[in-house]
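Structure assessment
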Amino acid sequence: MTPAGFNPTRAMDLSGIVAAAKAPPPPPGASYVLDIDQDTFEAVLSLSARHPVVLELNSPRANAQSLSDALVELANEAAGAYLLGRVDVDANPQIAAAFGIQAVPAVIGVVGGQLAPLWQGTKSKEEARAYIGQLLQAAAANGVVGRADPVSIAADAGPDPRFAAADAALAAGDFPLAVAEFDKLLANTPNDPEAKAGRAQAALLARLGSIDPTAVLARAADAPTDVAAQLAAADTELMGGAPDLAFARLVELIRNTTGAERDSVRVRLLELFETVGPSDPSVLKARRALMSALF
């Protein structure tokens, strides 16, 4: 039940791409998981215009509690990169029928109102993380990069007002403005991890613009010492779901540059680390390679 073009073996932890990996944990008593039924279904789907929604269709009869637990953990670890909506198909057969679901568990992504079937059956937590990472990558590429509100406090507190201007710019596709808004936040709180990661994400999207990935990679292949060409190629590889290639490219560039050029590549590499997240295996591996290249 994997959608066309989804390759979980190439997926990076896109919770980073949308700044989730650096976000703080939910406030006490809050989560990013919502049980939905026929009455709330349409309202939840409408949220996909602002941020991705992941739907878990399950049943107590499916004996898939381990998957449900893993999905809850992933959603709360992502801290707003997406909202997890859980549907009991026994209590809501109309929803299962609407999706044509014949067996559960089944997991479906929704981005901008468009459905992306992710998988059917059970998956390990890491497998689920990879599939959801692909969904978040697709959402970022289409400018759906808002943050979900914590479920239990959304009605009282609403979105974090600190990020209102930046979120609005992201939602409008004005990525340079989003970078500027995150810079304002960082001027006051330089060590704010959510603002740092949000800025890294917005900067990546601003740089990518409407580039032709094939042309960018071809130029980089023809000009291995052109720093600008290599930086653009790394951006393209990262957004294309190949963080290992992007990081290796920049580490090699660091080995072969000096002075201000070398430092500019190092800064860009650290910024790309922010978009993927500090715990991602590709980042951990690249950090070790970076240390070797520098020292």
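Anything mentioned here points back to the structure above.
Structure report, in brief. Since the structure is predicted, the reported quantities are computational estimates derived from the model, not experimental observations.

We now examine the sheet that holds strand β4 (residues 106-111). Hydrogen bonds along the backbone pair up the strands of a sheet, which may run parallel or antiparallel. With mixed pairing, 5 strands are arranged side by side in an open sheet as β1-β3-β2-β4-β5. The sheet is open, and its two edges are formed by β1 (33-35) and β5 (114-120), each paired on a single side. On average, each strand axis in the sheet is inclined to that of its neighbour by 25°, with strand direction left out of account. Across 6 bridges, the pairing between β4 and β5 is antiparallel. In the sheet register, V107 faces β5, and the bridge partner there is W119. Against the sheet, helix α2 (residues 65-78) contacts β1, β2 (53-58), β3 (83-88), β4 and β5, and its axis sits at roughly 155° relative to β3. Sheet strands in contact with helix α4 (residues 125-141) are β2, β4 and β5, and its direction is about 165° off that of β5.

A few words now on the pairing of β4. Side chains on a regular strand alternate between the two faces of the sheet. Burial runs high along β4: 6 of the 6 residues are buried. Side chains A106, I108 and V110 project from β4 onto one buried face, and the interleaved V107, G109 and V111 project onto a second face that is buried too. Note that β2 and β4 share 5 bridges and pair antiparallel. Looking at β4, one finds that L55 is bridged to I108. Linkage of β4 to β5, two consecutive antiparallel strands, is achieved through a turn of 2 residues, within which G112 is found at a positive phi near 60°.

Now for the packing of helix α10 (residues 227-239) against helix α11 (residues 243-255). Following both chains from N to C, one finds α10 and α11 inclined at 160°, their axes separated by 7 Å at the closest point. Comparing the axis directions of α10 and α11 gives the class roughly antiparallel. α11 is crossed by α10, and the crossing has left-handed handedness. Every residue of α11 that contacts α10 at V227, Q230, L231, A233, A234, E237 and L238 is listed here: P243, L245, A246, F247, R249, L250 and L253.

Below, the discussion takes up helix α12 (residues 259-276). If you check α12, its first and last C-alpha atoms are 26 Å apart, about what 18 residues at 1.5 Å a residue would give, namely 26 Å. Regarding α12, the residues found buried are V265, R268, L269, E271, L272, F273, E274, T275 and V276. Summarising the contacts, the buried residues of α12 are in contact with α8 (193-208), α10, α11 and α13 (281-294).

Here we take up the side chain of T236. Positionally, T236 belongs in helix α10. Under the relative-accessibility criterion, T236 is labelled buried at 8%. Within polar-contact distance, the side chain of T236 engages the backbone oxygen of A232 at 3.0 Å. Apart from residues no more than four positions distant in its own chain, T236 is found in contact with L208, I211, P213, V216 and L217.

A complete count under the given rule lists 15 salt bridges for this structure. Note that E77 and R129 form a salt bridge whose closest N and O atoms lie 3.5 Å from each other. Placement of E77 in helix α2 and of R129 in helix α4 is noted, with a sequence separation of 52 residues between them. A salt bridge links D235 to R268; the nearest nitrogen and oxygen atoms lie 3.5 Å apart. Of the two residues, D235 sits in helix α10 while R268 sits in helix α12, which places them 33 residues apart along the sequence. Relative accessible area serves as the criterion here: at 4%, D235 is assigned to the buried category. A cluster of three or more residues bridged by salt bridges with shared partners is formed by E73, E77, K125, E126 and R129.

Grouped together as the largest cluster of nonpolar side chains are 38 residues, with contacts concentrated most on F182, F247, L250 and L269. For this core, the elements supplying multiple residues, two or more each, are α6 (164-171), α7 (175-188), α8, α10, α11, α12 and α13. Leave out the neighbours within four places in its chain, and F182 touches F163, A166, L170, A195, G198, R199 and A202. Among the nonpolar cores identified, the runner-up in size contains 22 residues, and L67, A78, V107 and I132 belong to it.

Let us look at the packing of aromatic side chains. Scanning the model with the defined rule gives 4 aromatic pairs in all. Ring centres 5.5 Å apart and planes at 50° place the aromatic pair W119 and Y131 in the tilted group. Linking W119 in strand β5 with Y131 in helix α4, this pair joins segments that are 12 residues apart in sequence. In this pair, the class of W119 matches that of Y131, namely buried. A ring pair is formed by F247 and F273, whose centres lie 5.0 Å apart and whose planes are at 85°; its orientation type is edge-to-face. One end of the pair, F247, is in helix α11; the other, F273, is in helix α12, with 26 residues separating them in the sequence.

What counts, and at which threshold
- Residues numbered from 1 in each chain as written.
- Predicted model: local features only at pLDDT ≥ 70, side-chain atom pairs only at ≥ 80, totals over all residues.
- Heavy atoms only, no water.
- Pairing = 2+ DSSP bridges.
- Helix = DSSP H or I, 4+ residues; strand = E, 2+ residues; numbered from the N terminus.
- Axes fitted to C-alpha atoms, helices over the stretch in contact; angles between N-to-C directions.
- Contact = heavy atoms within 4.5 Å.
- Buried < 20%, exposed > 50% of the residue type's maximum accessible area, 1.4 Å probe, protein only.
- Parallel < 35°, antiparallel > 145°, perpendicular 65-115°, else oblique.
- Left-handed = near helix turned anticlockwise from the far one by under 90°.
- Expected span 1.5 Å × (residues − 1).
- Polar contact = N/O pair within 3.5 Å; in protein donor to acceptor, adjacent residues only side chain to side chain.
- Salt bridge = Lys/Arg side-chain N within 4 Å of Asp/Glu carboxyl O.
- Core = buried A, V, L, I, M, F, W, Y, C linked by side-chain atoms within 4.5 Å.
- Phe/Tyr/Trp six-rings, centres within 6.5 Å; stacked < 30°, edge-to-face > 60°.

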